[in-house]
Amino acid sequence: MKLNDELKALLNAQVNMEIEAAYQYKAMSAYFEGRELEGFAKWMDAQVQEELGHSKKFYDYLLKREGKIEYFELNKPKADFSSVKEVFEVALAHEQKVTASIENIYKVARNLSDFGVENFLDFFIEEQEEEEETVKKIIDKITLLNVDNKNVELYLLDKEMGERK
């Protein structure tokens, strides 16, 4: 089943947005590695892999629906941060941008009665709720523990972040 041109363009943009998210998370990982925060770096590297997996799902779906893959120029990721908390605030803002994009694709699919795209996006709708919730909880912990100013708390949270599977 061939895709509508508008959906094809939106899905291609999403392929690229997911790759750009991985690029941003890798820059965040490098920020943490440069500060000897290996647990946070490991957490971010897991995000890199997750975002690349999402990109691959959109890529495969486009090909399945006779779409052509188009790659765009990537924006340079933010790499300099003032605090651990800022890193996660930037991550949350990016996840919210991804959520808005996926919701827009869903709306267009619904308006075009493309139930296949709607069904495909159901996974991502749920995934984005989970992504945003997870990052918000991390920000709440950072705020509660005031980790940017307390080395013991930062050490313990870094250790916890490194336990992500």
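See the structure printed just above.
Residues numbered from 1 in each chain as written. Predicted model: local features only at pLDDT ≥ 70, side-chain atom pairs only at ≥ 80, totals over all residues. Heavy atoms only, no water.

**Q** Before we move on, could you go through the side chain of Glu 118 and cite the residues and values that matter?
**A** The topology assignment puts Glu 118 in helix α4 (residues 115-145). Once residues lying within four places of it in the same chain are set aside, the contact partners of Glu 118 are Tyr 106, Ala 109 and Arg 110. (Helix = DSSP H or I, 4+ residues; strand = E, 2+ residues; numbered from the N terminus. Contact = heavy atoms within 4.5 Å.)

**Q** Quick rundown of the environment of Lys 56? Include the residues and the values.
**A** On the secondary structure map, Lys 56 appears in helix α2 (residues 38-64). For Lys 56, a relative accessible area of 45% translates into the label partly exposed. Residues Lys 56 and Glu 70 lie 14 residues apart in sequence; the distance between their C-alpha atoms is 13 Å. A distance of 2.6 Å separates polar atoms of two side chains, one belonging to Lys 56 and the other to Asp 60. (Buried < 20%, exposed > 50% of the residue type's maximum accessible area, 1.4 Å probe, protein only. Polar contact = N/O pair within 3.5 Å; in protein donor to acceptor, adjacent residues only side chain to side chain.)

**Q** Tell me what's going on with the nonpolar core, and back it up with residues and numbers.
**A** Among the nonpolar cores identified, the biggest contains 25 residues, and Phe 32, Phe 40, Met 44, Val 84, Val 87 and Phe 88 are the most heavily contacted of them. Judged by nonpolar contacts, the second largest core, of 19 residues, contains Met 17, Phe 58, Val 98 and Ile 105. (Core = buried A, V, L, I, M, F, W, Y, C linked by side-chain atoms within 4.5 Å.)

**Q** Quick one: what's the story with a nonpolar patch on the surface, residue by residue and with numbers?
**A** Taken together, the side chains of Val 152, Tyr 155 and Leu 156 make up a nonpolar region of the molecular surface, amounting to roughly 340 Å² of accessible area. Relative to the elements of secondary structure, Leu 156 occurs in helix α5 (residues 151-161). (Patch = residues over 30% accessible without salt bridge, like charges linked within 9 Å, V, L, I, M, F, W, Y side chains within 5 Å. Areas by Shrake-Rupley, 256 points an atom, 1.4 Å probe, with all protein chains shown as cover. Salt bridge = Lys/Arg side-chain N within 4 Å of Asp/Glu carboxyl O.)

**Q** Could you give an account of α2, naming the residues involved and the relevant values?
**A** Compared with an ideal rise of 1.5 Å per residue, which puts 27 residues at 39 Å, α2 spans 39 Å between its outermost C-alpha atoms and is within 8% of the ideal. Phi for Glu 66, located one or two positions after α2, is positive at around 65°. (Expected span 1.5 Å × (residues − 1).)

Fair warning: the whole summary comes from geometry, so function is off the table for now.
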